[in-house]
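# Architecture and fold: a report
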Amino acid sequence: MIFGYLLERHFWDLADYSAVFLQADDKEVAALIKKYPDHNPPIKQSSHAKLQAHHTPMDKDTNKPAMILSVEVNEPNADGSVDALGRWYAGDAVTGFRAFNLKKVDGAWQIATVK
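Residues numbered from 1 in each chain as written. Predicted model: local features only at pLDDT ≥ 70, side-chain atom pairs only at ≥ 80, totals over all residues. Heavy atoms only, no water.

### A look at the pairing of strand S1 (residues 20–23)
Moving residue by residue along a regular strand, the side chains alternate between the two faces of the sheet. The test is simple: Strands are treated as partners if at least two bridges between them are detected by DSSP. What counts as a helix is a DSSP run of H or I of at least four residues, what counts as a strand is a run of E of at least two, and both are numbered from the N terminus.
Pairing between S1 and strand S2 (residues 43–44): two bridges, direction parallel. Bridging across to S2, Phe-21 finds its partner in Lys-44. For S1 and strand S6 (residues 67–76), the ladder comprises four bridges, and the chain directions are parallel. By the bridge assignment for S6, Phe-21 is matched with Ile-68.

### Looking at the layout of surface pockets
Our working rule: Each cavity reported here is a set of points on a 1 Å grid over the protein atoms alone in which a 1.4 Å probe fits but cannot get out, each pocket an open set with protein on both sides within 12 Å along at least five of seven lines, and each lining residue one with an atom within 4 Å of a point. Grid points are joined across faces, edges and corners, and a volume is the space filled by probe spheres set on the points. For this classification, Asp, Glu, Lys and Arg are treated as charged, while Ala, Val, Leu, Ile, Met, Phe, Trp, Tyr, Cys and Pro are nonpolar and the rest, including Gly, are polar.
Of the volumes computed, that of the largest pocket is approximately 300 Å³. Going through the elements one at a time, S1, S6 and strand S7 (82–89) are the ones with two or more residues in the lining of the largest pocket. Looking at side-chain class alone, the lining of the largest pocket contains nine nonpolar, six polar and one charged residues. There is about 190 Å³ of room inside the second largest pocket. Around the second largest pocket, the lining residues are Met-1, Ile-2, Phe-3, Gln-23, Ala-24, Glu-28, Val-71, Val-73, Val-82, Leu-102 and Trp-109. Of all the secondary structure elements, the ones that give two or more residues to the lining of the second largest pocket are helix H1 (2–7) and S6.

### Overview of the pairing of strand S9 (residues 108–114)
Bridge analysis of strand S8 (residues 95–105) against S9 gives six bridges, and the strand direction is antiparallel. Bridge pairing in S9 links Phe-100 to Val-114. The turn joining S8 and S9, which pair antiparallel and follow one another in sequence, is formed by two residues; a positive phi near 55° is taken by Asp-106.

### Comments concerning unusual backbone geometry
What counts, and what does not: Classification of residues uses two cut-offs on accessible area relative to the type maximum, computed with a 1.4 Å probe and protein chains only: under 20% is buried, over 50% is exposed, and between them is partly exposed.
Omega for the peptide link from Asn-40 to Pro-41 comes to 0°, which places this bond in the cis form. When you line up the elements, Pro-41 lands in the loop between helix H2 (26–35) and S2. A positive phi angle, near 65°, is found at His-54, a position not held by glycine. Position of His-54 among the secondary structure elements: in the loop between strand S3 (49–50) and strand S4 (58–59). By relative accessible area, His-54 is classed as exposed at 64%. Positioned with a positive phi, Asp-106 is a non-glycine residue whose angle comes to about 55°. By the secondary structure assignment, Asp-106 is in the loop between S8 and S9. Owing to a relative accessible area of 82%, Asp-106 belongs among the exposed residues under this scheme.

Structure, rendered in structure tokens:
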């Protein structure tokens, strides 16, 4: 759900990124590739990423810059809600996050707030 939010916000529109990599397990990445088959830039498996400390991530297929999205989920709060961070990274100068609060509504998790 948080990856979906981040993928729909286009943090990469001001630059020429050739891929979006998700810091998640392969099954989740495959499911999101299937859900967003026409995403631009395309979502790719992390095996296509070339990473070097303090440098912009690169897409091995094109040798162009790429964006990495990640999600960190905390333990449940006393009220049953859960806080999470959705981050994007394309090098030390292009990084940011959104803070989410998730709540269960009718048995399904939903984003309650985004900061």
